[in-house]
Amino acid sequence: ALLATLVVVLVNAFRRRRSILSLIPGPSSPSWLLGHEGVPMTEDQVGDVVFPWFREYGATFRIKGCFGEDRLFMADAKGLQHIFHTSGYRYPKSADFVHGSMQIVGNGLVTVGGDAHKRQRKVMNPAFSASQLRTFSALFQRLSGKLTRRMIGIVKERGQIVNVHVWLGRVTLDAIGESAFGFKFGAIDDETNDLAYQLNHLFDDSVVRREKDHIRFAMWRRLPGWFMNLIDTSTKESMRLLRFRNTSKDVARQVLATPHAQELLSDPESMNGKDILSILTRANGEEEEKHRLAEDEVLSQMATLILAGHETSATTLTWILYELSRHPEHQERIRKEVAAIRDRLGDSGRLTPQDYDSMAFMNAVIKVTFYPVYHSTATDFAPGGLRLHPIVIYLSREAQQDDIIPLSEPIVTKTGVKITQIPVEKGQGVLASIGYYNRNPAVWGEDADQWNPERFLEARTGDQVPLGVFSNLMTFSAGLRGCIGWRFAVMEMQTILTEFMRTSRWHSRTTAQRSGEPQRGLCCLWSEARRTLVHKCLCILPRCKPYPVVSLGRLVFLNVGTYCVTLSVLLVL
């Protein structure tokens, strides 16, 4: 380890003498050894430290990594467009990010780069086409109805408080299992399985990284992978992530051993399907290298889809319901849209994907929830109040060759020179801030901090730089590595949100107090990661008919790696 540290120091000393980044303004480094390493992941609330830096230094500035390494922190639209679109694969994910992802999901779309990513993406694309995803609509509706019946039934029959975030995780896990693999996890039905347990506790050991952990990850960016594999040591966090990877691959093997999968292998006429299982099974049996996925790649794709396809949607839906509980007038607008469509279809009519897309205000609410909002009302929220944000707050990239990054927002160097582009050298690290780009006033206007679904109903003024795959937001990333399943996630959220708005009303504690709702019952919100009582709040009893009332306590969350894990969430009563 000492030798590795010495090598990193020498490499960075050489690069620092040549780097132009030393002229770019940024916050002063608190430590030569650690720099600002880990700051985006250890803020009390997302943006507490980083967002004021963007407001002070602009959309692009310099921060320090371990051993004095210079890194770019960027939320500039044109710069991000260059990195994620124009440059293709010339800005791969940094080695530390790949290493961390590899521990969780293995050799899949999230971790591979270059030709391997191009090959895997080409194989998987047909499964995520708009036409293929429309076939999942009936499944999403069935699971959404089952979810609401279970939750309301538990409240009415047992008088229990229901943690909505946990139940949303169950329905999205069942959805990805049945739609992608024809496999029933049975999460809504309380069926126990090891994978669900691993998912619920995946990040328990990731709450706080120690100094040596930041140094270890920084070494992955500067030293050869074979060398780091020799000296890297296992941690509680890495062992837990490895257990999930192994468990998810075991489940994937079970899926591939089902009669349905075996039928696909044995019957050539059944191999033309565009569902995910058919595509993966077919790709594993291909003889041509450009169409084939090795067994480990197939298992890794399934592990990736299980993790990415359920947790992100569940957490985003939690935030959507949270904001709607604070804005009952927006709930009513969605209900009117739902009622209008149901009146047209009649009681027996089933909503189509086009029906969901036609509900303009509901879709605006989904979009604005991806849009991080700063709340300054201390009576409703803890100080620092960033409560709504993308699930992944930043992405790490590294220049594969010398390059010039253009900027839409010029910056002034320490020597007073205004520049509109930044020359970077091979190996230069860039952190792309999804969180701040999605609320950058230069992109979204001066009211970028405000919760305002109307912004997505109004005609756009000015020329936005084309970037994100969904309404120009970076929530699903962008370019060649944009999230392959973004349409799946949006359709799933549309369906679940429609069912919730049809069957229940949602109120925050503050909203209920203002409206004079009766309050009873003490709710204890528990942090599984810290094993401590986080917060206590009063809950309201059902009153409105025909809708059960939903109450919400103060929402508390921790940043865990690149994920923001909700610890206490919406409560159904």
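Our subject is the structure that appears above.
Small disclaimer: the values here were computed from a predicted structure and weren't measured. (Residues numbered from 1 in each chain as written. Predicted model: local features only at pLDDT ≥ 70, side-chain atom pairs only at ≥ 80, totals over all residues. Heavy atoms only, no water.)

Chemist: Residues and numbers for the overall build of the chain, please.
Modeler: For the chain, the helix and strand inventory stands at 24 helices and 16 strands. Residues classed as buried in the chain amount to 58% of the 573 residues present. The contacts of the chain with a sequence gap of at least 6 include a subset with a gap of at least 24, amounting to 71%. (Helix = DSSP H or I, 4+ residues; strand = E, 2+ residues; numbered from the N terminus. Buried < 20%, exposed > 50% of the residue type's maximum accessible area, 1.4 Å probe, protein only. Contact = heavy atoms within 4.5 Å.)

Chemist: Can you explain the pattern of salt bridges? Please cite residues and give values.
Modeler: Here the structure, examined in full by the defined rule, presents 19 salt bridges. We note a salt bridge from Arg-344 to Asp-355, for which the minimum N-O separation is 2.8 Å. Here Arg-344, found in helix H18 (residues 328-345), pairs with Asp-355, found in helix H19 (residues 353-358); they are 11 residues apart in sequence, far enough to count as distant. On the basis of relative accessibility, which here comes to 8%, the residue Asp-355 falls in the buried class. Each member of the salt-bridge network shares a partner with another, and the members are Glu-37, Glu-69, Arg-71, Asp-96 and Arg-221. (Salt bridge = Lys/Arg side-chain N within 4 Å of Asp/Glu carboxyl O.)

Chemist: Summarise helix H23 (residues 486-503); cite the residues concerned and give the values.
Modeler: For H23, spanning 18 residues, the distance from its first C-alpha to its last is 26 Å, which sits close to the expected 26 Å at 1.5 Å a residue. Across the 18 residues of H23, 16 count as buried, placing the element largely inside the fold. (Expected span 1.5 Å × (residues − 1).)

Chemist: Describe the packing of aromatic side chains, listing the residues and the values that go with them.
Modeler: If you walk through the whole model with that rule in mind, you get 19 aromatic pairs. Arranged with centres 5.9 Å apart and planes meeting at 75°, the rings of Trp-32 and Phe-67 form a pair that is edge-to-face. Pair noted here: Trp-32 is in the loop between helix H1 (2-18) and helix H2 (39-42) and Phe-67 is in the loop between strand S1 (60-64) and strand S2 (70-74), with a separation of 35 residues, a long-range link. Note on Trp-32: relative accessible area 47%, which makes it partly exposed. Seen from their ring centres, Phe-470 and Phe-476 are 6.0 Å apart, and the 75° between their planes marks the pair as edge-to-face. Judged on exposure class, the residue Phe-470 and its partner Phe-476 are both buried. In this structure an aromatic cluster arises from ring pairing among Phe-51, Trp-53, Phe-54, Tyr-57, Phe-61, Phe-73 and Tyr-436. (Phe/Tyr/Trp six-rings, centres within 6.5 Å; stacked < 30°, edge-to-face > 60°.)

Chemist: Go over the pairing of S1 with me, naming the residues and quoting the values.
Modeler: A large share of S1 lies buried, amounting to 5 of its 5 residues. Along S1, one buried face is formed by Thr-60, Arg-62 and Lys-64 and the opposite face, lined by Phe-61 and Ile-63, is buried too. In this structure, S1 lies alongside S2, joined through 5 bridges in antiparallel fashion. Across the sheet, the residue bridging to Phe-61 is Phe-73, located in S2. (Pairing = 2+ DSSP bridges.)

Chemist: A description of the side chain of Arg-62 should follow, citing residues and the corresponding values.
Modeler: If you trace the backbone, Arg-62 turns up in strand S1. Although Arg-62 is buried, it forms no salt bridge, and the closest oppositely charged side chain is Asp-70 at an N-O distance of 4.1 Å. From its side chain, Arg-62 meets the backbone oxygen of Leu-21 in a polar contact 3.3 Å long. Apart from the residues within four sequence positions on either side, Arg-62 is in contact with Leu-21, Ser-22, Ile-24, Pro-25, Gly-26, Pro-27, Asp-70, Arg-71 and Lys-414. (Lys, Arg positive; Asp, Glu negative; His and termini not counted. Polar contact = N/O pair within 3.5 Å; in protein donor to acceptor, adjacent residues only side chain to side chain.)

Everything listed here is a matter of geometry and, on its own, says nothing about what the molecule does.
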